[in-house]
Amino acid sequence: MATYNGLAYLGEQLDSLRNQTVVPDEVLICDDCSTDGSAEYVSDYIKRHSLGSWRLTVNSSNIGWKRNFYQLLEQVTCDYVCLADQDDIWLPTHIEMLADVFKRHPEATVVSSLPAFHYEGRGEIEYPDCDGSVCHPTLNCRFGITSQPGCTYMVKKTLFQKIQHDWDVSLPHDAILYSVSKMMGTLFVLNEVSVIFRRHENCASAQRKKGRSELMDELDRLERLLSLLRAVLRRAGDAPFSNQSASTLDRAERALELRQRMIAHRSFFDWLRLCSFSDCYASRKNYYCDLWCLVFKNLKIPRR
């Protein structure tokens, strides 16, 4: 768990980690130079509950949540790791549920559950429809779309070790783990809620406004993610997933280049050409959002 100025929410999350039906072998927490007493609170919590397997470290300087999660993954000694945000709440069976999927699907490298959404300021928690089934998503041209947040993941440590050399700390850790495991065909999603996912204006993944410059930044992140997936694919050699993944990434790359050119040169004709790459967009709405950014370059539109 990476922490930064999350004192208002830490108590509930730490309690939910401590009260799991399957007790974690170790809990690693790294604070990124909080100024609200978060580190002191965690330290006191560990002492108060005599949690000998919990370890808190504090960074000497603020490095940001992406680097913070990366260095935490480097410190993991167990075979499986769950990723925790400071402001969410794990249901008591979170670890148990994800571990059970690994037992049933030992080929998995990432197992995700579903989140229930708790929007700050609203009294209710929004639960998705669940049936307890397990699905097995495969790579498609929407390679940059992370369907589930990292706080719902259990990750096999060997996956991180395989891709550590190619890791890009400017990218979110969950986007990397989700996309790589999906490309390898080792991603499994449990259709069951195990995390209360809190949404508020201060969370790291809060929604932002998207205009032309923000879209260019988004496309740059997709380009870096694509480069990382290419590197992982090269290292995989002739693995069973390689040929199909290569062709899928080729198509995603062509769509990305066309989108970058469209925005950079304000080309309406390039936008029309992108209609044949609709499978590379998260939705039809995103396709028309590109047009909005193209025509109204100084306006802001809500991110999907």
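Because the structure is a prediction, the values reported are computed rather than measured.

Chemist: Quick question: what am I supposed to make of the packing of aromatic side chains here?
Modeler: For any pair of aromatic rings, geometry is given as the distance between the ring centres together with the angle between the planes. Following the criterion strictly, the structure yields 15 aromatic pairs and no others. Plain terms: the ring middles of Tyr41 and Tyr45 are 6.4 Å apart, the flat faces sit at 35 degrees to each other, and that makes the pair tilted. With Tyr41 and Tyr45 both in helix 2 (residues 38–48) and four residues apart, this pair spans about one turn of that helix. Ring geometry for Phe117 and Tyr119: centres 6.1 Å apart, planes at 20 degrees, overall stacked. Here Phe117 falls in the partly exposed class, since its relative accessible area comes to 28%. Members of the aromatic cluster, joined through ring pairs, are Phe268, Phe269, Trp271, Tyr281, Tyr287 and Tyr288.

Chemist: Got a minute to help me understand the pattern of salt bridges in this structure?
Modeler: Should their charged atoms come close, side chains of opposite charge can pair. Across all of its chains, the model carries twelve salt bridges by this definition. With its nearest N and O atoms 2.8 Å apart, the salt bridge here joins Arg259 to Asp290. Here Arg259, found in helix 8 (residues 242–265), pairs with Asp290, found in helix 10 (residues 284–295); they are 31 residues apart in sequence, far enough to count as distant. On the basis of relative accessible area, Asp290 is assigned to the buried category, the value being 0%. Between Arg261 and Asp270 there is a salt bridge whose closest N-O contact spans 2.8 Å. Judged by relative accessible area, which is 41%, Arg261 ranks as partly exposed. Judged by relative accessible area, which is 4%, Asp270 ranks as buried. Salt bridges linked by common partners bring Arg230, Asp250 and Glu253 together as one network.

Chemist: Would you take a moment to explain the environment of Cys33 for this structure?
Modeler: Examined against the element boundaries, Cys33 turns out to sit in the loop between strand 2 (27–31) and helix 2. Cys33 gets classed as partly exposed once you look at its relative accessible area, which sits at 24%. On a C-alpha basis, the gap between Cys33 and Asp166 in space is 27 Å, while along the polypeptide they are 133 residues apart. Residue contacts for Cys33: discarding those within four places in its chain leaves Tyr4, Asn59, Ser60, Ser61 and Asn62.

Chemist: For this particular structure, what's the right way to read the state of the cysteines?
Modeler: Working definition: the covalent bond between the sulfur atoms of two cysteines is a disulfide. For the structure on display, the rule yields zero disulfides. Cysteine Cys275 is unpaired, with the sulfur of Cys280 as its nearest cysteine sulfur at 12 Å. The closest cysteine sulfur to the non-disulfide-bonded Cys289 is located on Cys293, 6.6 Å from its own sulfur. Judged by its relative accessible area of 11%, Cys289 falls in the buried class.

Chemist: When you look at the pairing of strand 10 (residues 187–199) in this model, what are you seeing that I'm missing?
Modeler: In regular strands, side chains alternate between the two faces of the sheet. Burial within strand 10 is extensive, with twelve of its 13 residues counted as buried. Strand direction decides the pairing type here: strand 5 (residues 89–90) and strand 10, joined by two bridges, are antiparallel. Opposite Ile89, over in strand 10, you have Ile196 as the bridge partner. In terms of strand pairing, strand 6 (residues 110–119) meets strand 10 through nine bridges, oriented parallel. Bridge assignment links Leu114 to a residue of strand 10, and that residue is Val193.

Reading the values: the criteria
- Residues numbered from 1 in each chain as written.
- Predicted model: local features only at pLDDT ≥ 70, side-chain atom pairs only at ≥ 80, totals over all residues.
- Heavy atoms only, no water.
- Phe/Tyr/Trp six-rings, centres within 6.5 Å; stacked < 30°, edge-to-face > 60°.
- Helix = DSSP H or I, 4+ residues; strand = E, 2+ residues; numbered from the N terminus.
- Buried < 20%, exposed > 50% of the residue type's maximum accessible area, 1.4 Å probe, protein only.
- Salt bridge = Lys/Arg side-chain N within 4 Å of Asp/Glu carboxyl O.
- Contact = heavy atoms within 4.5 Å.
- Disulfide = S-S within 2.5 Å.
- Pairing = 2+ DSSP bridges.

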